[in-house]
Amino acid sequence: MSQTREDPDRALMARIEARDADALAALYDRYGGRLLGLAQRILGRGGEAEEVLQEVFLFAWKSAATFDPSRGTVRTWLLIATRSRSIDRLRSRRSSSRPEVRSLEEVAVNPAAPDDVEASSSDREWETLCRAAVGDLPDDQRRALELAYFEGLTHQEIAARTATPLGTVKTRVRLGLMKLRERMRPYLGSGSDAS
Amino acid sequence: MPHSERHEELVAAMALGVQLDDADRSELDRHLAEGCARCEALLLELREASTALAAQAPAVRPPDALRARILSSLGPARVPAKPESPVFARMLAAAAVLLLLIVSMDDARLRRQREELRSQSAELASRLQSAESALAERTLRARVLESDDVQMLMLGGKGPQPDASGRVFWSPKARRGVIVAANLAPLPSDRQYELWVFQKGKPVSAGVFDVDPQGRALFESTQFPEAEAQNFAVTIEPRGGVPAPTGPIVLVGNPAA
């Protein structure tokens, strides 16, 4: 995994495993803004997104030992932890039939001031590649992926939401993700090296 | 079942974190359990690729107070201890152990599930802390799973019960261990299974346990010897156990595992 070998994240994870709080602070400074942005996109700007962020870093603190670099990058590990916790909360909101707190407004009025957030050049490169990769997807594939990723919808729910046959939705999700994989090749880990 | 586009569809959904219905989920589990290397690799790559979507959400600057709050909540010593219902603690501990059990029931589910399990157990512990149920957390941590020295050994069936399988998770520091086992035969009421820890080549009893009607067992032992455990075995013994093994060995660890 040549990509991550140069990655300072792995050294951070090792220090975190050894209970070095400065290392966790460094991880937070690197990814906190990115992860909070993701949680807010899913949950809106209320306190819940911040709670998710707190949970994720506590998780990183306590479970650094479970991070396996051969199975993905630290960034992916953190993003998945953030996304899944956010979606869990979103789903429990729905099932408790509380009104949808997250309004379009909340989502749209999250103007991010990206300049306000310090990002290393490697993070910027990653972000640029991600944006381009998603931007180049056919609209229907991108839409299906976004509904799944940010709203936690199932295949069936996406089909209903977009008035599309179920089989087509499944195909769109698969093809869309496959295309992202091709574009994200430079960031893929051992899987691509091995195969 | 050979690899197909259908499996890729399921793998894509899983990588993206889309909830699958039970039928799809078990189909995918089965396929991965059969050891489809293509799908394993694809799953990792697609998970990595799915994070491209995350970058669509712009990064935001977290409030300074949040950073301080998170960093000050890290040390276990700094977590305020709140009295919490022992029942709650036991339920949570049981939930964590149940995760172990579920996974260990199906040896074929391989690495992927073990890893999920590890992170789920750890995650459960982390959720405990975020709920500030310090007692529950301490209990769980004390109970092997969260020990920083936790070790695992696979046990294989032997003698009269070749299909039996099991795993022992133990913490030498805590002198505790958990055995989860499957495919053990139900025993007559005057017999029990007995777990043995080998230290310096000699078996020391770690307690007796029963199995459920499906032949599964989950047993937590607090009788681990202080010395480093070298191996484990399970024998059939008279109910209540005996000080040294007399019955047939049905499960034994493979030191090479």
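Note that this is a predicted model, so its numbers are computed, not measured.

## Examining the confidence of the model for chain A
Residues and elements named next belong to chain A.
Alright, step 1. Scored by pLDDT, chain A has a mean of 83; 81% of the residues are at 70 or more.
Alright, step 2. Taken together, the stretch residues 1–5 has pLDDT below 50 and engages in 13 contacts with residues farther than four places along the chain or on a different chain.
Alright, step 3. Counting contacts from residues 98–115, a segment whose pLDDT is below 50, to residues more than four positions away or on other chains yields 25 contacts.

## What about unusual backbone geometry?
Excluding glycine, most residues fall at negative phi; most peptide bonds, likewise, are trans.
All names here are of chain A.
Alright, step 1. The phi angle at Arg-19 is positive, at roughly 65°, despite the residue not being glycine.
Alright, step 2. Relative to the assigned elements, Arg-19 resides in the loop between α2 (8–17) and α3 (21–43).
Alright, step 3. Arg-19 gets classed as partly exposed once you look at its relative accessible area, which sits at 39%.
Alright, step 4. At Ala-163, a position not held by glycine, the phi torsion is positive, near 50°.
Alright, step 5. Looking at where Ala-163 falls in the secondary structure, it is placed in the loop between α9 (155–162) and α10 (166–183).

## Remarks on the pattern of salt bridges
Alright, step 1. This model, assessed by the stated rule, comprises 30 salt bridges over all chains.
Alright, step 2. One salt bridge in this structure joins Glu127(A) and Arg34(A), with 2.3 Å as the shortest N-O distance. In this pair, Glu127(A) is assigned in helix α7 (residues 121–135) and Arg34(A) in helix α3, connecting sequence segments 93 residues apart.
Alright, step 3. Residue Arg34(A) is classed as buried on the basis of its relative accessible area, which comes to 7%.
Alright, step 4. Linking Glu27(B) and Arg6(B) is a salt bridge whose minimum nitrogen-to-oxygen distance equals 2.8 Å. With a gap of 21 residues between them, Glu27(B) in helix α2 (residues 22–33) and Arg6(B) in helix α1 (residues 5–16) connect regions that are remote in the sequence.
Alright, step 5. One salt-bridge network, in which partners are shared between bridges, spans Glu48(A), Glu51(A), Glu55(A), Arg85(A), Arg89(A) and Arg93(A).

What counts as what
Residues numbered from 1 in each chain as written. Chains lettered and ligands numbered in written order. Predicted model: local features only at pLDDT ≥ 70, side-chain atom pairs only at ≥ 80, totals over all residues. Heavy atoms only, no water. pLDDT = per-residue confidence, 0-100. Contact = heavy atoms within 4.5 Å. Helix = DSSP H or I, 4+ residues; strand = E, 2+ residues; numbered from the N terminus. Buried < 20%, exposed > 50% of the residue type's maximum accessible area, 1.4 Å probe, protein only. Salt bridge = Lys/Arg side-chain N within 4 Å of Asp/Glu carboxyl O.

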